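Fold and contact review
Residue strings, one per chain:
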Amino acid sequence: MTFRHPPAFPLPHADLEDLERRVRHALRTADDSALDVLGYGEITLVLRLRTAAGSFACKRLPAFPDRDRFESYRDGLDAYLRRLAERGLTVAPTEVWHTSGPGGRITAYCVQRELPPERLCSRLLHTEDEAWAKNFFVRFLDRVDAAVGPTTGLDAQAANWIDVDGELTYLDVTTPLMRDARGREQLDVRLFFTSLPWILRDVVRLAMAKSIFDKFYETRGVLLDFLGNLHKERLGALVPAFLEEANARLARPLTADEVAAYYRDDARMWELIQRLRAADRFWHRKVRRRTYPFLLPPPVDR
Ligand SMILES: Nc1ncnc2c1ncn2[C@@H]1O[C@H](COP(=O)(O)OP(=O)(O)O)[C@@H](O)[C@H]1O
Ligand SMILES: [Mg+2]
């Protein structure tokens, strides 16, 4: 086993066990209305856990088939957190909690302290003024530029940052984006795509996965994704001003048309994924009468 850093904060073990019991119950009964949802991502939802020691953001990972797969995930996450810190990024302190199930399977969560949800940057871009938005974007560009490179990726959309006391804090580390020198993804991509039924069965789609990830490893792609997602957040009005600022730093400038076209493609891809997963969930529950093992976010209005 590799050396593990001292914990950033003590994990509320008993509360997490209770949370996992409630999640299993929710999955079994196909009723997640009793879970306290802190936020939604594309892939899953983030649960809030209130405890005597404070409130936590809990991100349930896909089940690991065995301890080796789990440990290599955890090592990868630790390496990613170290790498981002070295590159000057402030990341929400993140711990991994896990519990073993039948047959050696492991259920795990990425756990962070809950940061003030009203400080989520996708929200602040709605509530604060233009001067704030401009100042945010300059700080954001510095962060992205310093962190991103051929072996280190970032999913930098506005909903992945919380602005705490003027410090941009990055949240979305559950899918560590790291590549080796030959450009191979270090993440257990297959495991993380188990909630996407089609991708596992089709080798061609797996090849496509590489191009899904490519953009996260260069500043231009990260910015294109960020700007495209502003349309999803109904923040399209900010695109022209942000484009100008971004292009001052890019060798190959981005255009508003490129951003809009990117968003249309990206929206179509996620819509397809959401529809396929909803169909898969229906198949599990209604046809095979089995428990569907993932918490899904509700459909996004794109
Ligand atoms: N530590 C946290 N404190 C407060 N809210 C959080 C925290 N982590 C995540 N969230 C909320 O949950 C949403 C999804 O979390 P994220 O880590 O980006 O997961 P995903 O990979 O599913 O996008 C965020 O956009 C935010 O609204
Ligand atoms: Mg996210």
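Residues numbered from 1 in each chain as written. Chains lettered and ligands numbered in written order. Predicted model: local features only at pLDDT ≥ 70, side-chain atom pairs only at ≥ 80, totals over all residues. Heavy atoms only, no water.

So, the packing of helix α4 (residues 130–147) against helix α9 (residues 239–247)
Rule in force here: Angles here are taken between N-to-C directions and fall from 0 to 180 degrees, while the axes themselves are lines fitted to C-alpha atoms, restricted in helices to the stretch in contact. Secondary structure elements follow DSSP: runs of H or I no shorter than four residues count as helices, runs of E no shorter than two count as strands, and numbering proceeds from the N terminus. If you view the pair so one helix is near and one far, a crossing is left-handed when the near helix is turned anticlockwise from the far one by less than a right angle, and right-handed when it is turned clockwise. In this analysis, two residues are considered to be in contact whenever any of their non-hydrogen atoms come within 4.5 Å of each other. Under the scheme applied here, ten amino acids are nonpolar (Ala, Val, Leu, Ile, Met, Phe, Trp, Tyr, Cys and Pro), four are charged (Asp, Glu, Lys and Arg), and all others, including Gly, are polar.
Following both chains from N to C, one finds α4 and α9 inclined at 35°, their axes separated by 11 Å at the closest point. Relative to α9, the crossing made by α4 is right-handed. Counting all contacts with α4, which are made through Ala133, Lys134, Phe136, Phe137, Val138 and Leu141, the residues of α9 involved are Ala241, Phe242, Glu245 and Ala246. Looking at side-chain class alone, the contact of α4 with α9 contains eight nonpolar, no polar and two charged residues.

Section: the packing of α4 against helix α8 (residues 219–232)
Following both chains from N to C, one finds α4 and α8 inclined at 145°, their axes separated by 10 Å at the closest point. The interaxial crossing formed by α4 with α8 has right-handed handedness. Mapping the contact onto sequence places Phe136, Phe137, Phe140, Leu141, Val144 and Asp145 in α4 and Thr219, Val222, Leu223, Phe226 and Leu227 in α8. Taken together, the residues that form the contact of α4 with α8 break down as nine nonpolar, one polar and one charged.

Considerations on the nonpolar core
Applicable threshold: As used in this record, nonpolar core signifies buried Ala, Val, Leu, Ile, Met, Phe, Trp, Tyr and Cys residues forming a set joined through side-chain atoms within 4.5 Å. Each residue's exposure class comes from its accessible area (1.4 Å probe, protein chains only) as a fraction of the maximum for that residue type: buried when under 20%, exposed when over 50%, partly exposed otherwise. By convention here, the domain bounds are inherited from an automatic or database domain assignment.
In this structure, Leu125, Phe136, Phe140, Leu154, Trp161 and Phe242 are the most contacted members of the largest nonpolar core, which totals 59 residues. The element best represented in this core is α4, accounting for eight residues. Each of domain 1 (13–113) and domain 2 (117–284) accounts for three or more of the residues forming this core. Counting residues in hydrophobic clusters, the runner-up holds 17 residues, among them Ala26, Leu27, Cys58 and Trp97.

Side note on the site of ligand 1
Condition: The criterion for a residue being near a molecule or strand is simple. One of its heavy atoms has to lie within 4 Å of it. Here a polar contact means two N or O atoms within 3.5 Å. Within protein one must be a hydrogen donor candidate and the other an acceptor candidate, and residues neighboring in sequence count only if both atoms are side-chain atoms. Only the protein chains shown count as cover for residues, and all accessible areas are computed by the Shrake-Rupley method using a 1.4 Å probe.
Taken together, 19 residues sit near ligand 1, with Lys59, Leu115, Ala159, Asn160 and Asp172 positioned nearest. A distance of 3.1 Å separates a nitrogen atom of ligand 1 from a polar backbone atom of Arg113. The contact in question runs from an oxygen atom of ligand 1 to an N or O atom on the side chain of Asn160, over 2.8 Å. About the coverage of ligand 1: the protein hides 93% of its 550 Å² of free accessible area.

Considering the coordination of the magnesium ion (ligand 2)
In plain terms, the rule: A donor here means an N, O or S atom no more than 2.8 Å from the metal, or no more than 3.2 Å when the metal is Na, K or Ca. Since water is not included, a site may seem to lack partners.
At the metal site, the magnesium ion (ligand 2) is ligated by Asn160 (OD1) and Asp172 (OD), and these contacts range over 2.1 to 2.3 Å. Taken together, the positions of Asn160 in the loop between α4 and β7 (161–164) and Asp172 in the loop between β8 (167–170) and α5 (189–192) put the pair 12 residues apart, joining distant regions of the chain.

With respect to the domain arrangement of the protein chain
Buried accessible area, meaning the area lost when the parts come together, often serves as the stated size of an interface. Inclusion rule: Once two parts are brought into contact, the accessible area they lose, counted with a 1.4 Å probe and summed over both, makes up the buried area. Salt bridges are counted wherever a side-chain nitrogen of Lys or Arg sits within 4 Å of a carboxyl oxygen of Asp or Glu.
One can read the domain layout of the protein chain as domain 1 (13–113) and domain 2 (117–284). Inter-centroid distance (C-alpha atoms) of domain 1 to domain 2 is 21 Å. In this assembly, domain 1 packs against domain 2 so that about 2500 Å² is buried in total across both faces, 61% of it on carbon and sulfur atoms. The three residues of domain 1 that bury the most area against domain 2 are Glu42, Tyr80 and Arg87, which together make up 29% of that side's buried surface. The tally of links between domain 1 and domain 2 comes to one salt bridge. Of the charged contacts in the structure, one is a salt bridge between Asp188 and Arg69, with a shortest N-O distance of 2.5 Å. Run the count over domain 1 and domain 2 and you get 11 residue pairs in polar contact (both at pLDDT 80 or more). Broken down by secondary-structure element, the contributors of at least two residues to the side of domain 1 that touches domain 2 are α2 (67–86), β4 (90–91) and β6 (106–113).

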